[in-house]
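# Fold and geometry: a report
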Amino acid sequence: QVQLVESGGGLLQIGGSLRLSCAASGRTFSNNAMGWFRQAPGKEREFVAGISGGGSSTSYAESVKGRFTISRDNAKNTVYLQMNSLKPEDTAVYYCAAARPTYRLVYVTRRDYDYWGQGTQVTVSS
């Protein structure tokens, strides 16, 4: 059974940092494009960051560019999201997702992703 499990969420203050992890099990995702999405209360789930299977290509939402960094460790079947300079508007449930295998492509839309984690809550307090 394929599983994506996020961890690392929490409550923190404005300007803080947090690193989310997404551990995959059930099969290897080392060739798959991976992504992070988030959903705030009353809002649509939105793309945050994506990385290609080879790890050479990344893409970010404008709202997080320069503050968030996505990375992957294929040996550990794990993807990370380093979040710095956090703002109250970053408060959301963060989801990890896996798309189809690709070496250089990064996917930015929900329909491109086939597997989803259960989400981890990030709350930035003002």
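See the structure printed just above.
Bear in mind that the values here come from a model prediction, so they are computed numbers and not experimental data.

Rules used throughout
By convention here, each chain's residues receive numbers from 1 onward along its written sequence. Local features in this predicted model are restricted to residues of pLDDT 70 or higher, and side-chain atom pairs are both shown and tallied only at a pLDDT of 80 or more, whereas totals for entire chains, interfaces and linings draw on every residue. Side-chain numbers here rest on the full set of heavy atoms in the structure, without hydrogens or water. Joining through side-chain atoms within 4.5 Å is the link that ties buried Ala, Val, Leu, Ile, Met, Phe, Trp, Tyr and Cys residues into a set, and such a set is a nonpolar core. Three labels apply to residues, based on accessible area from a 1.4 Å probe with only protein chains included: buried if under 20% of the type maximum, exposed if over 50%, partly exposed otherwise in between. Strands are runs of DSSP state E lasting at least 2 residues, helices are runs of H or I lasting at least 4, and numbering of each runs from the N terminus. Residues count as neighbours in contact if any of their non-hydrogen atoms are within 4.5 Å of one another. Think of a polar contact as two N or O atoms within 3.5 Å of one another; within protein, one of them needs to be a possible hydrogen donor and the other a possible acceptor, and neighboring residues in sequence only count if both atoms come from side chains. Two aromatic rings from Phe, Tyr or Trp, using only the six-membered ring of Trp, form a pair when their centres are within 6.5 Å; if the ring planes differ by under 30 degrees the pair is stacked, by over 60 it is edge-to-face, and anything between is tilted. Two conditions define a charge sitting above a ring: the NZ of Lys or the CZ of Arg must be within 6 Å of the ring centre, and it must be within 35 degrees of the ring normal. What counts as a disulfide here is a pair of cysteine sulfur atoms lying within 2.5 Å. The salt bridge definition used is simple: a Lys or Arg side-chain nitrogen within 4 Å of an Asp or Glu carboxyl oxygen.

Attention shifts here to the nonpolar core. Among the nonpolar cores identified, the biggest contains 28 residues, and Met34, Trp36, Leu81, Met83 and Tyr94 are the most heavily contacted of them. Among the elements of the structure, strand S3 (18-25), strand S4 (32-39), strand S5 (46-51), strand S7 (68-73), strand S8 (78-83), strand S9 (92-101) and strand S11 (120-125) are those that each provide at least two residues to this core. When residues no more than four places from it in sequence are discounted, the contact partners of Tyr94 are Glu6, Leu20, Trp36, Phe37, Arg38, Val48, Phe68, Leu81, Met83, Gly119, Thr120 and Val122. Core analysis: the second largest hydrophobic core is formed by seven residues, Ala33, Phe47, Ala97 and Tyr113 among them.

Here we take up the environment of Trp36. With respect to the helices and strands, Trp36 occurs in strand S4. Judged by its relative accessible area of 0%, Trp36 falls in the buried class. Distance from Trp36 to Cys96, taken between C-alpha atoms, is 4.7 Å for residues 60 residues apart in sequence. At 3.5 Å, the side chain of Trp36 forms a polar contact with the backbone oxygen of Tyr80.

Enumeration according to the criterion identifies five aromatic pairs in this entry. Ring centres of Phe29 and Tyr115 lie 5.6 Å apart, and the angle between their planes is 75°; on these two criteria the pair is classed as edge-to-face. Taken together, the residues span a long stretch of sequence, with Phe29 in the loop between S3 and S4 and Tyr115 in strand S10 (residues 113-116) at a distance of 86 residues. For Tyr115, a relative accessible area of 30% corresponds to the partly exposed category. Every member of this aromatic cluster is reached through a ring pair, and the members are Phe37, Phe47, Tyr113 and Trp116. Over the aromatic face of Phe29 sits the side chain of Arg27, whose NZ or CZ is 4.5 Å from the ring centroid. For the cation-ring pair, Arg45 lies above Trp116, with the distance from its terminal atom to the ring centre recorded as 5.1 Å.

Right, let's talk about the state of the cysteines for a bit. Counted under the stated rule, the structure contains one disulfide. Note that Cys22 is cross-linked by a disulfide to Cys96, the S-S spacing being 2.0 Å. Taking the sign of the torsion about the S-S bond as the criterion, the disulfide between Cys22 and Cys96, at about -75°, is left-handed. Placement of the pair is Cys22 in strand S3 and Cys96 in strand S9, with a sequence separation of 74 residues. Of the two residues examined, Cys22 and Cys96, each falls in the buried class.

Summed over the entire model, instances satisfying the criterion amount to five salt bridges. We note a salt bridge from Glu46 to Arg38, for which the minimum N-O separation is 2.7 Å. Classification of Arg38 as buried rests on a relative accessible area of 6%. Here Arg100 and Asp112 are joined by a salt bridge, their closest N and O atoms 3.9 Å apart. Here the residue Arg100 occupies a position in strand S9, and Asp112 occupies one in the loop between S9 and S10, the gap between them amounting to twelve residues. Residue Arg100 is classed as partly exposed on the basis of its relative accessible area of 38%. Note on Asp112: relative accessible area 16%, which makes it buried. Via salt bridges that share partners, Arg38, Glu46, Arg67 and Asp90 belong to a single interconnected network.

These figures come from the coordinates and say nothing about function on their own.
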